[in-house]
Structures are given as C-alpha cells and as structure tokens.
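Read off the chains here:
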Amino acid sequence: MLFLDISTWEPHDRDEILKHFKDIKVPEGIKIKNQWIDLSGGRYFILYEAESAEAVGAFNLPWSDVCVIESIPVMETGEFMSLMSKYK
C-alpha cells in the first residue's frame, strides 16, 4: 500500500532533524518512491510503499521525538477510478 507522509517540525528542532536524516535507516518492508522538502522550511513529504502496518510503524517511530507525522494512505487516480467503476 502507498503512503504519503507529511512531517512537520519547529524551527528550533532543525539541527535534530538534520541529524535524523543523516542516520536514517529504511526498514525492511518499506520502498521509498520519492521525497520532497518544503523550501520554506519545516515540512518534509515522502511517498513510499509499505508491506505492512509494522513496517510503517518501524519507519515512523524513530522520528516521533522530533516531528509530527501525518501518514495518509494514497492510491494513483487511475487505479482508484478503476476500483470505483466496479461499484457502479
């Protein structure tokens, strides 16, 4: 399943966030598709595929001390439209 995470942090946590990025370890069961940084600061967006809820937890938990993560399950529009057409 695909997830889009939006991580936010306070400006005073910037150095701690940078340290986390340098030490990031992607757990088994997570495949990163793409990542973006908000150039105005304080937000990070990541799109990834997760094999299980446990993998999502292992990926996000190490960040919980320095930022808030909004994790949104997503689906490509074409796939969603195909799925919804089955229910018409």
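Up top you'll find the structure we're talking about.
Owing to the predicted nature of the structure, the values given are computational and were not obtained by experimental measurement.

Asker: Quick question: what am I supposed to make of the sheet that holds strand β2 (residues 30-37) here?
Answerer: Strand-to-strand pairing in sheets goes through backbone hydrogen bonds, with the strands running parallel or antiparallel. Ordered by their spatial adjacency, four strands build an open sheet running β2-β3-β1-β4, and the pairing between neighbours is antiparallel. The open sheet terminates on both sides in strands that have one partner only, identified here as β2 and β4 (68-74). With direction set aside, neighbouring strand axes in the sheet form an average angle of 20°. One ladder, built from seven bridges, connects β2 with strand β3 (residues 43-50); its direction is antiparallel. Bridge pairing in β3 links I30 to A50. The sheet contacts of helix α2 (residues 53-60) involve β1 (2-8), β2, β3 and β4, and relative to β3 the element is tilted by about 150°.

Asker: Looking at this structure, how should I read the pattern of salt bridges?
Answerer: Pairing between side chains becomes possible if they bear opposite charge and their charged atoms approach one another. Tallying each qualifying case throughout the model produces four salt bridges. For E49, the salt bridge identified is with K33, shortest N-O distance 3.3 Å. In this pair, E49 sits in strand β3 while K33 sits in strand β2, placing the two residues 16 residues apart along the sequence. Residue K33 is classed as partly exposed on the basis of its relative accessible area of 40%. Put simply, D38 and R43 hold a salt bridge, and the shortest N to O gap is 2.9 Å. Judged by relative accessible area, D38 falls into the buried class, the value being 16%. In this structure R43 comes out as partly exposed when scored by relative accessible area, which is 38%.

Asker: Could you clarify how one ought to interpret the packing of aromatic side chains in this entry?
Answerer: The geometry of an aromatic ring pair comes down to the distance between the two centres and the angle between the two planes. A complete count under the given rule lists four aromatic pairs for this structure. When the centroid spacing of 5.8 Å and the interplanar angle of 20° are considered together, the rings of F3 and Y48 count as stacked. Highlighted residues: F3 in strand β1 and Y48 in strand β3, separated in sequence by 45 residues. Given the relative accessible area of 13%, F3 is considered buried. Ring centres of F21 and W63 lie 5.1 Å apart, and the angle between their planes is 65°; this geometry places the pair in the edge-to-face category. Residue F21 is found in helix α1 (residues 14-22), and its partner W63 is found in the loop between α2 and β4; the two are separated by 42 residues along the sequence.

Asker: How should the environment of P73 be read in this particular structure?
Answerer: With respect to the helices and strands, P73 occurs in strand β4. Taking relative accessible area as the criterion, P73 reaches 47% and is therefore assigned partly exposed. In this structure the C-alpha to C-alpha distance between P73 and D5, which are 68 residues apart in sequence, comes to 8.6 Å. Every residue in contact with P73, bar those within four places of it in the chain, is listed here: M1, L2 and F3.

Reading guide: rules and limits
- Residues numbered from 1 in each chain as written.
- Predicted model: local features only at pLDDT ≥ 70, side-chain atom pairs only at ≥ 80, totals over all residues.
- Heavy atoms only, no water.
- Pairing = 2+ DSSP bridges.
- Helix = DSSP H or I, 4+ residues; strand = E, 2+ residues; numbered from the N terminus.
- Axes fitted to C-alpha atoms, helices over the stretch in contact; angles between N-to-C directions.
- Contact = heavy atoms within 4.5 Å.
- Salt bridge = Lys/Arg side-chain N within 4 Å of Asp/Glu carboxyl O.
- Buried < 20%, exposed > 50% of the residue type's maximum accessible area, 1.4 Å probe, protein only.
- Phe/Tyr/Trp six-rings, centres within 6.5 Å; stacked < 30°, edge-to-face > 60°.

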